[in-house]
Amino acid sequence: MQSWRRRKSLWLALSASWLLLVLLGGFSLLRLALPPRPRPGASQGWPRWLDAELLQSFSQAGELPEDAASPPQAPHGGSCNWGACFDTSKCRGDGLKVFVYPASGPISETHHRILASIEGSRFHTFSPAGACLLLLLSLDAQTGECSSMPLQWNRGRNHLVLRLHPAPCPKTFQLGQAMVAEASPTVDSFRPGFDVALPFLPEAHPLRGGAPGQLQQHSPQPGIALLALEEERGGWRTADTGSSACPWDAHCEQDPGSRQTQRRETLPNATFCLISGHRPEAASRFLQALQAGCIPVLLSPRWELPFSEVIDWTKAAIVADERLPLQVLAALQEMSPARVLALRQQTQFLWDAYFSSVEKVIHTTLEVIQDRIFGTSAHPSLLWNSPPGALLALSTFSISPQDFPFYHLQQGSRPEGRFSALIWVGPPGQPPLKLIQAVAGSQHCAQILVLWSNERPLPSSWPETAMPLTVIDGHRKVSDRFFPYSTIRTDAILSLDAHSSLSTSEVDFAFVVWQSFPERMVGFLTSSHFWDEAHGGWGYTAERTNEFSMVLTTAAFYHRYYHTLFTHSLPKVLRTLADEAPTCVDVLMNFLVAAVTKLPPIKVPYSKQRQEAAPLASGGPGPRPKPQAPAPDCVNQIAAAFGHMPLLSSRLRLDPVLFKDPVSVQRKKYRSLEKP
Amino acid sequence: MASKPYHRVGLELECEKEAVCVIMCASVKYNIRGPALIPRMKTKHRIYYITLFSIVLLGLIATGMFQFWPHSIESSNDWNVEKRSVRDVPVVRLPANSPIPERGDLSCRMHTCFDVYRCGFNPKNKIKVYIYALKKYVDDFGVPVSNTISREYNELLTAISDSDYYTDDINRACLFVPSIDVLNQNTLRIKETAQVLAQLSRWDRGTNHLLFNMLPGGPPDYNTALDVPRDRALLAGGGFSTWTYRQGYDVSIPVYSPLSAEVDLPEKGPGPRRHFLISSQVGLHPEYREDLEALQVKHGESVLVLDKCTNLSEGVLSIRKRCHKHQVFDYPQVLQEATFCVVLRGARLGQAILSDVLQAGCVPVVIADSYILPFSEVLDWKRASVVVPEEKMSDVYSILQSIPQRQIEEMQRQARWFWEAYFQSIKAIALATLQIINDRIYPYAAISYEEWNDPPAVKWGSVSNPLFLPLIPPQSQGFTAIVLTYDRVESLFRVITEVSKVPSLSKLLVVWNNQNKNPPEDSLWPKIRVPLKVVRTAENKLSNRFFPYDEIETEAVLAIDDDIIMLTSDELQFGYEVWREFPDRLVGYPGRLHLWDHEMNKWKYESEWTNEVSMVLTGAAFYHKYFNYLYTYKMPGDIKNWVDAHMNCEDIAMNFLVANVTGKAVIKVTPRKKFKCPECTAIDGLSLDQTHMVERSECINKFASVFGTMPLKVVEHRADPVLYKDDFPEKLKSFPNIGSL
């Protein structure tokens, strides 16, 4: 019985296999048996020629070398390009130097402020002879003030005519070889790589600072309208496209039942904003949409997108063909959440980096031209198109993204594992021996720099450490602390004051934390800003509170790039302010980093005992009678110069994982942090 | 097994015994079935059967070969493609008076000259391209209009025909490619070629027609675009200048170098090379050659200016040799000896040498004013080349010297990558051209800058955080708590009551994962101040916890188990505040670590009191709701199903996913707690704990292999309130009730 059953199952398996064999094999045999011939209706494709191997090459050997060059050609028909019409030899020395023509006659307040803003920038020069770019401002549309031909015109060579608002002015003179920077130039008149396309700014655009983007959250709110459409009279109308197929098409107007529309005068509240490409005026809507975080959908734009030379608009806007409305709409509806998320965030970044104020627009224009002059050492595309943007990532510092604190993720790189301690020795002038030893004890320390900034002579002997120790003789100015010394060789800087007192494990832990947040400041002692209703201004406190917005730079880790930014990008006025009121320097550095990162600093634990007694809490170099009072108006002055309040508050402190946990101290890596 | 009640036994004891059983049972069954195929019987029969079996088996294998390797017998393409000779193509006589198209319209743009309606019905955002059949055109006297077809143009059309773009249905096509070969203007008769174009069946003023031309112009003035009148046709040209190039309409393509196929230059790593600058072009304008030779005199060895060889013996291919004085060099191999290679314009702007230079990983120094570099619409040439104005030629050396070494190496790598991706074959050129046109027509589906420009190594290493904008969401938005539950109603109600005390809670969502039992009646649920929704699921799956429910209206989500009753309101509120500062991270309470086990050579899960964390358990964690979407729809490989089948490790999977996509570490908040549960005491804690740890370690190893990397990041910090454990009056602290055990 048993064997019969076995045999039966065996036969079953056998016959099943045979069946399979016949089924599978049959087809192949059948196919082999039939002569191969094209099946009717099947794709024919490009034929495989039997003699394809014998075909001749399109260019015969020896032909190419024959085509001898002709001498350089002159520019065709008055049209200009960068190589032909701009003389870069004048820009050799220190990059782009800009001379601005003084306005003839009385000028408006705006004009005056724009002039002041350019004069305060690092590009400006007062001598037209030394300038490599001569800037002709044509600003005020409504006053009807039209500029006449300037003196050093020279057929417009190396000139930039900057028109912020579309000028009603008749062209009083030939532009010649001058570049034109104007709002939304038409595609036909725009000379790529030579002219600069500006955004279409509204009349009341803020000069400095500017309103932040409107986006409150990363992903679109549920229930938000998919589309907003621009109205003739300057408003926006939202349309629910779930039902309507072609909301901007006149044919659909007959079917109002399927669509809810809503008039809005303010910024559009929708995921996508449809903007007509025909009228250049629509370009002003483009900026509105950008600010609102509403992804602009441009229908066959006839005008050049602002700063298209450097900004990758495909990351923030959608350019679509107006002739394919159904496809565009379907594409918008089907767009993946990931793409929508990315586009929305990019609108906010671009708005904030390049468009939110007149000053930013002008600086971006100059930066674009500087990049052309720099050629290979211009900003890489990544620096233009990801936060914090090219105005805050100076190409003079480096053009390798991994040298900056911002791009480690995109580059797949990591911040360096070492830091340099920079100890500022102020007036009393005592060599900070104990501090040097504590810092030198850290396994991550690469070098110690002492910035000797007082009247006493340099001491001849320094403590014996294995660490390389460099003494820099400073200029007795507080802003020296943040000078980009070439002797600083690591990315991370531990900024210290002679009076600071830190333990080695505090330094170690703080540095490890900094490696996770290389773009932020990581500090031990904090202070905060607050809005003072009584005085109608910003207030400052160094008292211990539940939140903080600044860390004191008398003991803080940060990236060395901030030294470059502090020295080269801050307006001179602010650095002078810091030199005159030394306590402001902390506030200023915190403002700078917060404006760049748009994030609060990070606090790490600091031994309690010293926290109460130490002069470190004073918030500035040197002991002062009233330690917790920086110059009263410091915060307000700096906020005014920035045009907004960039500081943000944090409510957390980063502690070691087992900090004060009820577990044996032996298991803890940073046990000395817990000493009472 | 899925219908079996699923109990969560505390955060630490998440053993799913059932899952283990199934795996074990299954493997045992296989073991029983295996030997049963050949039963014990008489030896004679046995041999007979074994032989029979082998025959059948062999037959099966052979059939399989037929099925799955059809190429070994027949080329799949030959199946339906005719084999003919180029000489057999039909001859068409062109009347002398047939119409000629207008000259090219310089104002053409996509929205004026391109008929996009023809592309309206192309599915998957892909244009369809039709190729006209090959014909031989002759004039009234029987003299051919052009060479029938060149090897490269045949390759180009073959590449298009083999691509996804191709259609043989002229009515569905959006782009038309004439088969008349205009790659080299010198091989054709201009007027007659134009007449040929005009008589194409869908010519219509050249709308949506694409011509490929690499060598435009002819003596003496060498126009920079094809001279054949072509009206609105798009031109993919290899030598455009700013004067002839219609930005956004034409496509600038490389001049293909036949050496690309002939010479195999293995990639040479970046770094310093023997010569700093080399010029290897022959037939240079004397003025340029003088400038270059002056450089050589000035800088000696580091500059090498080569020329044609005059004294070569017969039979040596002169195009593959270059000479400097009496020294003979192999071309293009000599290019690999230089850091920078000069690409000067000749009579034409586009030079085939650009391709050779890129192939050699040499950084091209392009000296050709107004030249539109190949594919400049999408390729960022700043990263791979140096463009020097002609009048600055004498300064070339100092310009190049000012480039830092690190950047040079980057450019060398980029140059080689450009060649590999876009220059190395006619096919690469053709497909890149079509892709550019495709991206213009379907811009919302276009390829990004990074995809065009980043070499594969960079693409692999880089992370693009989906939440890259630094943004602190407003506190007012609050968070949605999601409680996954099976049937532990009592514990669930306690969790609901506790969580509802958190000020920033805006909604509570209960995911009822028990299909056999209805949730309690409405009246029985605790009365809380925020909306409470119960979602019933179709299947008892762990992934239900991470589904992007429409009910989630806030960005912040708190995932919490139905037995986590020990977290205080202060702790939860503080956790939410921390999440606001780190909205792109997982912010959770119990932290865990992964470790490399050197003995076993694999990853190990660690839940001890360690100084480091790399994961937080999602039994109590805040995160952005976008990660729910990613978990549900974008989880790599089979991880999602694997987790559902094993009823374990959904939290580890979430940690992997978030770390992989953001490149960032988790944030553990507040001190460690003892997450105990009432049910735990009944079970033998120790042994269960061990199987649990083994399973969790297996999960880490499984996920790491699916992700192809270990994305988790280890950190040594956790987040506490600013004044935590500080000597400060408790009542003045914002979050006093933190850290109680």
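A quick note: this is a predicted structure, and the numbers were derived from the prediction, not measured. (Residues numbered from 1 in each chain as written. Chains lettered and ligands numbered in written order. Predicted model: local features only at pLDDT ≥ 70, side-chain atom pairs only at ≥ 80, totals over all residues. Heavy atoms only, no water.)

Let's talk about the overall build of chain A
Worth spelling out the cut-off: Going along the chain from the N terminus, every DSSP run of H or I of four or more residues is numbered as a helix, and every run of E of two or more is numbered as a strand. Think of it in three bands: with a 1.4 Å probe and only protein chains considered, a residue is buried below 20% of the maximum accessible area for its type, exposed above 50%, and partly exposed in between. Any two residues whose heavy atoms approach within 4.5 Å at even a single point are treated as in contact. For the area figures, the Shrake-Rupley method with a 1.4 Å probe applies, and any residue is considered shielded solely by the protein chains shown.
Within chain A one finds 17 helices and 23 strands. By the burial criterion, 57% of the 676 residues in chain A qualify as buried. Pairs at least 24 residues apart make up 70% of the contacts formed inside chain A by residues separated by at least 6 positions. Accessible area of chain A: about 28,500 Å², with a carbon and sulfur share of 56%.

Some thoughts on the domain arrangement of chain B
When the parts of a complex come together, some accessible area is lost, and that lost area is often used as the size of the interface. Residue and element names in this part refer to chain B. Test applied: Where each domain starts and ends follows an automatic or database-derived domain assignment. Summed over both partners, the accessible area lost on bringing two parts together, with a 1.4 Å probe, is the buried area. The salt bridge criterion pairs a side-chain nitrogen of Lys or Arg with a carboxyl oxygen of Asp or Glu, the two atoms within 4 Å. Here a polar contact is taken to be a pair of N or O atoms separated by no more than 3.5 Å, where protein atoms must pair a possible hydrogen donor with a possible acceptor and residues adjacent in sequence count only if both atoms sit in side chains. Under the scheme applied here, ten amino acids are nonpolar (Ala, Val, Leu, Ile, Met, Phe, Trp, Tyr, Cys and Pro), four are charged (Asp, Glu, Lys and Arg), and all others, including Gly, are polar.
For chain B, the assigned domains read domain 1 (85–252 + 425–457), domain 2 (262–421) and domain 3 (476–719). Put simply, the middle of domain 1 and the middle of domain 2, counted by C-alpha atoms, are 30 Å apart. At the boundary of domain 1 with domain 2, total buried surface from both sides reaches about 2,000 Å², with 57% on carbon and sulfur atoms. When the buried surface of domain 1 facing domain 2 is broken down by residue, Ser252, Trp452 and Asn453 rank first, second and third, together holding 26% of it. One can count 2 salt bridges joining domain 1 with domain 2. Here Arg440 makes a salt bridge to Glu377, at a shortest N to O gap of 2.5 Å. Across the contact surface, domain 1 and domain 2 share 15 residue pairs in polar contact (both at pLDDT 80 or more). Only strand S8 (251–252), helix H11 (426–441) and helix H12 (449–453) provide two or more residues apiece to the side of domain 1 that touches domain 2. Broken down by element, the side of domain 1 that touches domain 2 gets its largest block of residues, 6 residues, from H11. For the side of domain 1 that touches domain 2, the per-class residue count stands at 15 nonpolar, 11 polar and 3 charged.

Structural notes on the interface of chain B and chain A
Facing 152 residues of chain B, the contacting portion of chain A comprises 143 residues. For the pair chain B and chain A, the summed buried area comes to about 13,100 Å², and 58% of that belongs to carbon and sulfur atoms. Applying the counting rule to chain B against chain A returns 10 salt bridges. Between Glu608 of chain B and Arg667 of chain A there is a salt bridge, with its nearest N and O atoms 3.5 Å apart.

Things to note about the pattern of salt bridges
For the structure shown, the criterion picks out 53 salt bridges over all chains. A salt bridge links Arg302 of chain A to Glu322 of chain A, with the nearest nitrogen and oxygen atoms 3.3 Å apart. Here the residue Arg302 of chain A occupies a position in the loop between strand S11 (295–299) and strand S12 (318–320), and Glu322 of chain A occupies one in the loop between S12 and helix H6 (325–334), the gap between them amounting to 20 residues. Using a relative accessible area of 24% as the deciding quantity, one classes Glu322 of chain A as partly exposed. It is possible to trace a salt-bridge network through shared partners that takes in Arg544, Arg653 and Asp655 of chain A together with Asp726 of chain B.

As for the sheet that holds strand S2 (residues 98–100) of chain A
Residues and elements named next belong to chain A. Formally: A pair of strands is considered paired only if DSSP assigns at least 2 bridges between the two. Where helices are involved, their axes are fitted lines through C-alpha atoms of the stretch in contact, as for all axes, and angles between N-to-C directions lie from 0 to 180°.
The strand order across the open sheet formed by 5 strands is S2-S3-S4-S5-S6, and the pairing between neighbours is parallel. Two strands lie at the open edges of the sheet, namely S2 and strand S6 (196–198), each paired on one side alone. Each strand axis lies, on average, 20° off the axis of its neighbour in the sheet, ignoring direction. Along the sheet, helix H4 (residues 109–119) contacts S2 and strand S3 (133–138); its crossing angle with S3, the most-contacted strand, is approximately 160°.

What about the confidence of the model for chain A?
All names here are of chain A. What counts here: Residue-level confidence of the predictor is what pLDDT reports, using numbers from 0 through 100.
Chain-level pLDDT for chain A is 81 on average; 80% of the residues reach the 70-or-more range. Taken together, the stretch residues 242–265 has pLDDT below 50 and engages in 46 contacts with residues farther than four places along the chain or on a different chain. Predicted confidence for residues 613–628 stays below pLDDT 50, and this span has 32 contacts to residues more than four positions away or in other chains.

What to know about helix H17 (residues 634–642) of chain A
What sets the pattern is the α-helix's 3.6 residues per turn: residues three or four places apart point alike. All names here are of chain A. To keep it simple, the criterion reads: This arc is taken over the directions from the axis of the helix to the C-beta atoms.
Among all positions in H17, only Cys634, Val635, Ile638, Ala639 and Phe642 are buried. Buried positions in H17, seen along its axis, are confined to an arc of 125° and lie on one side of it. Structurally, H17 contributes buried residues whose contacts are with strand S19 (537–541), helix H14 (572–580) and helix H15 (584–597). Positive backbone phi, at 85°, marks Gly643, one or two positions downstream of H17.

Regarding the layout of surface pockets
The probe, sized like a water molecule, is rolled over the atoms to show the empty space still left. Defined as follows: Of the grid points, spaced at 1 Å and generated over the protein atoms alone, those admitting a 1.4 Å probe that cannot get out make up cavities, while open sets with protein on both sides within 12 Å along at least five of seven lines make up pockets; any residue with an atom within 4 Å of a point is treated as lining. Grid points are joined across faces, edges and corners, and a volume is the space filled by probe spheres set on the points.
One number sums up the size of the second largest pocket: a volume of about 790 Å³. What lines the second largest pocket is a set of 25 residues, among which Ser219, Pro220, Pro222 and Pro337 of chain A together with Lys625 of chain B lie closest to the centre. Among the elements that make up the lining of the second largest pocket, the one with the highest residue count is helix H16 (residues 626–633) of chain B (4 residues). For the lining of the second largest pocket, the per-class residue count stands at 16 nonpolar, 7 polar and 2 charged.

Topic: the sheet that holds strand S20 (residues 587–588) of chain B
Residue and element names in this part refer to chain B. Ordered by their spatial adjacency, 7 strands build an open sheet running S18-S17-S16-S19-S24-S20-S25, and the pairing between neighbours is mixed. What marks the edges here is a single partner per strand, and that holds for strand S18 (532–536) and strand S25 (667–668). As judged from the 6 bridges shared by strand S16 (residues 479–485) and strand S19 (residues 556–561), these two strands associate in the parallel manner. In the strand pairing of S19, Thr480 is matched with Val557.

Here's the deal with the environment of Val471 of chain A
Residues and elements named next belong to chain A. Mapped onto the elements, Val471 comes out in strand S15 (residues 469–473). You can call Val471 partly exposed: its relative accessible area is 29%. If we ignore the near neighbours within four places in the chain, the residues touching Val471 are Val450, Trp452, Leu458 and Trp462.

Let's talk about the state of the cysteines
Residues and elements named next belong to chain B. Which entries qualify depends on this criterion: Defined by distance alone, a disulfide is two cysteine sulfur atoms within 2.5 Å.
What the rule picks out here adds up to 8 disulfides over all chains. Through a disulfide, Cys119 is tied to Cys174; the S-S separation comes to 2.0 Å. An S-S torsion of about 65° defines the bridge between Cys119 and Cys174 as right-handed. Separated by 55 residues along the polypeptide, Cys119 in the loop between helix H3 (110–113) and strand S3 (129–131) and Cys174 in the loop between helix H4 (151–162) and strand S5 (175–177) bring together distant segments of the chain. The class for Cys174 is buried, based on a relative accessible area of 0%. Bridging Cys341 to Cys362, the disulfide has an S-S length of 2.0 Å. As the torsion about the S-S bond is roughly 110°, the Cys341-Cys362 disulfide counts as right-handed. One end of the pair, Cys341, is in strand S13 (residues 338–344); the other, Cys362, is in the loop between helix H8 (353–359) and strand S14 (363–367), with 21 residues separating them in the sequence. Like Cys362, Cys341 is buried.

Some details on the pairing of S11 of chain A
All names here are of chain A. Counting buried residues along S11, 5 of its 5 residues qualify, which places the element largely inside the surrounding structure. Burial along S11 is two-sided: Ile295, Val297 and Leu299 and Pro296 and Leu298, pointing in opposite directions, are all buried. With 5 bridges joining them, strand S10 (residues 270–276) and S11 adopt parallel strand pairing. Along S11, the bridge assignment pairs Leu274 with Val297. Here S11 pairs with S12 via 3 bridges, running parallel. Counterpart to Leu298 in the pairing with S12 is Val319.

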